[in-house]
Amino acid sequence: MLHAVNANFSIKCGGSKMRNEEGIVHEAENSTLGATSYYVTSIEKWAVSNVGLFSDRNNPSYVENHLMKVTGTNNPKLFQSSRVSPGSLRYYGLSLENGPYVLTMEFAETVFKDRSTQTWESQGREPFNSKNSTYQKRLVGLRKQLRKKFKATVLENYLEIHLFWAGKGTCCNPVQGYCGPSISAISVVSDFEPSVTGIPPIPPLKKNNSDLIVGVVVCVGVVSIILICAVLYLKRKPSSVNEDEDFLGVGPRPNAFSYSELRTATEDFNPTNKLGEGGFGPVYKGILNDGRVAIFGKKGLHLDWSTHFNICLGTARVLAYLHEDSRPRIVHRDVKASNILLDAELCPKISDFGLAKLSDNKKTHIST
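Heads up: these notes are all about the structure in this document. Per chain, residue numbering runs from 1 following the sequence as it is written. Where totals are concerned, whole chains, interfaces and linings use all residues; where local detail is concerned, this predicted model gives features only for residues with pLDDT of at least 70, and gives and counts side-chain atom pairs only at 80 or more. Remark: hydrogens and water are excluded; side-chain values derive from all non-hydrogen atoms of the structure.

1. Examining the overall build of the protein chain
What counts, and what does not: Numbering of helices and strands runs from the N terminus, with a helix taken as a DSSP run of H or I at least four residues long and a strand as a DSSP run of E at least two residues long. Working definition: with a 1.4 Å probe on protein chains only, accessible area under 20% of the residue-type maximum means buried, over 50% means exposed, and in between means partly exposed. Residue contacts follow a heavy-atom distance rule, with two residues in contact if any of their heavy atoms lie within 4.5 Å. Residue burial considers only the protein chains on display, and all accessible areas are found by Shrake-Rupley using a 1.4 Å probe.
Looking only at helices and strands, one finds three helices and 21 strands in the protein chain. Looking at the protein chain as a whole, 33% of its 368 residues are labelled buried. Contacts in the protein chain between residues at least 24 apart in sequence constitute 65% of all its contacts with a sequence separation of at least 6. For the protein chain, the computed accessible surface area is about 24000 Å², with 57% contributed by carbon and sulfur atoms.

2. Thoughts on the sheet that holds strand β6 (residues 63-65)
Spelled out, the test is: When DSSP finds two or more bridges between two strands, those strands count as paired.
The strand order across the open sheet formed by three strands is β6-β7-β14, and the pairing between neighbours is antiparallel. The sheet is open, and its two edges are formed by β6 and β14 (182-183), each paired on a single side.

3. As for the packing of aromatic side chains
Stated formally: Pairing of aromatic rings covers Phe, Tyr and Trp, the last through its six-membered ring, and needs centres within 6.5 Å; plane angles under 30 degrees mean stacked, over 60 mean edge-to-face, and all others mean tilted.
Summed over all chains, the structure comprises two aromatic pairs. Ring centres of Y101 and F192 lie 5.5 Å apart, and the angle between their planes is 90°; on these two criteria the pair is classed as edge-to-face. Here the residue Y101 occupies a position in strand β9 (residues 99-108), and F192 occupies one in the loop between β15 (185-190) and α1 (210-236), the gap between them amounting to 91 residues. Taking relative accessible area as the criterion, Y101 reaches 1% and is therefore assigned buried. Using a relative accessible area of 22% as the deciding quantity, one classes F192 as partly exposed.

4. Structural notes on the environment of H3
Position of H3 among the secondary structure elements: in the segment before β1 (8-13). Owing to a relative accessible area of 61%, H3 belongs among the exposed residues under this scheme. Sequence separation between H3 and L94 is 91 residues; the distance between their C-alpha atoms is 8.9 Å.

5. Some thoughts on the pattern of salt bridges
Filter applied, for reference: Note on definitions: salt bridges are taken to be side-chain nitrogens of Lys or Arg within 4 Å of carboxyl oxygens of Asp or Glu.
In the structure shown here, the tally under the stated rule is five salt bridges. Measuring nitrogen to oxygen at the nearest pair gives 2.1 Å for the salt bridge that ties R90 to E160. One end of the pair, R90, is in strand β8 (residues 88-94); the other, E160, is in strand β13 (residues 158-164), and 70 residues separate them in sequence. The exposure class of R90 is partly exposed, given its relative accessible area of 25%. Across the pair D268 and R263 runs a salt bridge, and its minimum N-O distance is 2.8 Å. Judged by relative accessible area, D268 falls into the partly exposed class, the value being 45%.

This is the structure:
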């Protein structure tokens, strides 16, 4: 239910805030309206809605702007913009005190050419019909102020002003799809002595919230300081990755063995310890000095599902280490079953790095 707090309102249709020759201040109504849209002022004093779509027009605008000088008025700027609609245009006065009112609507024909030009663009017309009168805006002349006043009675604290196209007049002059109502300004004033001030009441505060406001402000300030300090610390902290680092291995490296150690472990490269051939030559099984078997043969080996799964998982961990944690990063590029070797504990070892490539930290793992 609307509460009466207003006794008048004035709107500059399709334009910015402006004062007319009588000193009435028309509030701005320059919101972007579309085929089906509406706008309500922040204090809910008045509203506007539009329904309609311009046919056969590219990038249609629901506001008409021009720089022509309108005669018959001391304020021609009031008519340099107007709200247009191809269908239905409604303005609402809200929270009005009930009683009689005087409605003033301002028009000006600025689109059609003058009849003296004797061109087809000069034959356009826009009939205007109301409950009290019927006339054509063409008859008052082009670029002249047209002001119409009506009396209305507000019974339920609101007033509806409805302008719509009834299918009369031209519809493709001066451009295709040009039809419907257009209006420059609206003013509604009470025809009685109002008992309201026109200023919306301020709802009373339930309680004093000053303590709550202070608490919120202090918390926000503390959090902001912490965030600023964190950002400054992260900016000052040196990067863990040296941008100038060349391909010099940093961090843990794989075990390296001398030739004599390899010879001893493989029993002077005994053919019985040979496991196969790789990209760098034969691969041998060797027993280290501490009794560990470096690699393991496949003969007579039985692998169940759990063992297969652990081998696959271990292989994935090795690849993840080579791709992400190794310095420099290594892309193997030739992972296959014959290059996965097992030790005495059936832990997978990747071999044959003949096709491997070193990868810079700034590069991805994609190679061709």
